[in-house]
Amino acid sequence: MSDTNKTLLRGAQVLGGEPRDVLIEGERIAAVGTGLGADGATVIDAAGQILLPGLVDLHTHLREPGREDSETVLTGTKAAAVGGFTAVHAMANTFPVADTAGVVEQVWRLGKESGYCDVQPVGAVTVGLEGKKLAELGAMHDSAAGVRVFSDDGKCVDDAVIMRRALEYVKAFDGVIAQHAQEPRLTEGAQMNEGIVSAELGLGGWPAVAEESIIARDVLLAAHVRSRVHICHLSTAGSVEIVRWAKSKGWNVTAEVTPHHLLLTDELVRSYNPVYKVNPPLRTEADVMALREALADGTIDCVATDHAPHPHEDKDCEWGAAAMGMVGLETALSVVQHTMVDTGLLDWAGVADRMSTRPSAIGRLTGQGRPIAAGEPANLTLLDSAYRGEVNPAGFASRSRNTPYEGRELPGRVTHTFLRGRATVVDGKLA
């Protein structure tokens, strides 16, 4: 990584607006204006490129400890930096589970050592993700990691009493419970979205109501105890309507959508390619359109990758035996440009809001998701939005290659990422 203390971004389009010069000194933005003097700074010609605040991911699987064959904190944060992210929230379904202060501190310290982006651990809601007993929520919050987000992601907290207790507990420190909304009894043996395609292929169907029923329950619980609930990887039009209704009541409910649910549909499962097997499953075209509209109007607060790396052998097998999940950190911004910006649903200021400002606020991060202005931390992402190219997983920084976009042409390429003024990516490559 570069140790340059002074960098001038010349002619960058801040949030897609008029060209501006942005001077970085040390860890902060020193000035934003036109015709700024270089005065010994490293000058980067950013003409025609979009400058965004560093992206923040609320939902990342870094796999360490326990599944380092899939990903490590180091390789995962390298992938994050290449994708333009300066902070990620590391999910708790590791081995051992991140359900104690000791494990979350280990992940947090590994993130500090990597230096490619900030790593904020997510603590488990229940011991061992078993859904039976609350984990050490207070101890994890009081640890050096300062955990504020808790999730059993990968599994649903399906016991209403446990969910209520968790929501009540985190109120003491303004925490949030991030729910993986999946009624397990409605998805036993499920392999893909329940609908026409599943019927034709003879694969077990995963009904939309399995997600929607849990979301409905949990927004009511959050309102009842006056706590915060966040809905992970929302995937159906019905879920959108429930969240919209809850927000109309003024309840403290937030939601995320993944890039793949903004683009891909269950029609792709006809190929039986396990790269398209994911939890929640790819839904219908109508769901995709509803998700895009909801992200545009703010019903869905943010984009989160649900970056889920798997080794080759866990994906290159028959559909029924394949693991669920897709990598997403290195392609997220391109998919959002393709589905939201190039379609006119969001401008670049909207992208900054949905991929930096709001996720940072939900996770209660400090120093991330900040305006691009003098005095602010220099967590920045520079994007060549005119770029078009085919996705080639062979060049990924992630340890895993299970992308659904291999060979697909996507727009946009992150050219530079800065973490507190330090370049982690230069000319599209790790610094």
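Just so it is clear, the model here is predicted, and its values are computed rather than measured.

Enquirer: Account for the sheet that holds strand β14 (residues 253-257), with residues named and values stated.
Expert: Reading across from one edge, β9-β10-β13-β14-β15 is the order of the five strands in this open sheet, with parallel pairing throughout. Each edge of the sheet is formed by a strand with only one pairing partner; in this case those strands are β9 (149-150) and β15 (302-303). The sheet contact formed by β14 and β15 spans two bridges and is parallel. Each bridged residue has a counterpart across the sheet, and for E256 the counterpart in β15 is C302. The strands touched by helix α6 (residues 208-225) are β10 (176-179), β13 (229-231) and β14; relative to β13, the strand with the most contacts, the crossing angle is about 160°.

Enquirer: So, the sheet that holds strand β7 (residues 85-90): which residues are in play, and what are the values?
Expert: Here we have three strands laid out as an open sheet, ordered β6-β7-β8, and parallel in their pairing. In this open sheet, the two strands that pair with only one neighbour each are β6 (55-60) and β8 (118-121). Sheet twist, expressed as the average angle between the axes of neighbouring strands with direction ignored, equals 20°. As paired strands, β7 and β8 are joined by four bridges and run parallel to one another. Considered in β8, the bridge of H89 is made with Q120. Against the sheet, helix α2 (residues 101-114) makes contact with β7 and β8, and its axis sits at roughly 175° relative to β8, the strand it touches most. Helix-sheet contacts for helix α12 (residues 348-362) involve β6 and β7, and the interaxial angle to β6 is about 55°.

Criteria and thresholds
For every chain, the first residue of the written sequence is number 1, and numbering continues from 1 along that sequence. Owing to the predicted nature of the model, reporting of local features is limited to residues with pLDDT of at least 70; listing and counting of side-chain atom pairs is limited to 80 or more, with chain, interface and lining totals taken over all residues. Excluding hydrogens and water, the side-chain values take into account all heavy atoms of the structure. Paired strands, in this sense, are two strands between which DSSP finds at least two bridges. Each helix corresponds to a stretch of at least 4 residues labelled H or I by DSSP, and each strand to a stretch of at least 2 residues labelled E; elements are numbered beginning at the N terminus. The contact definition used throughout considers only heavy atoms, calling two residues in contact when any of these lie within 4.5 Å. Throughout, an axis means a line fitted to C-alpha atoms (over the contacting stretch in the case of helices), and angles, computed between N-to-C directions, take values from 0 to 180 degrees.

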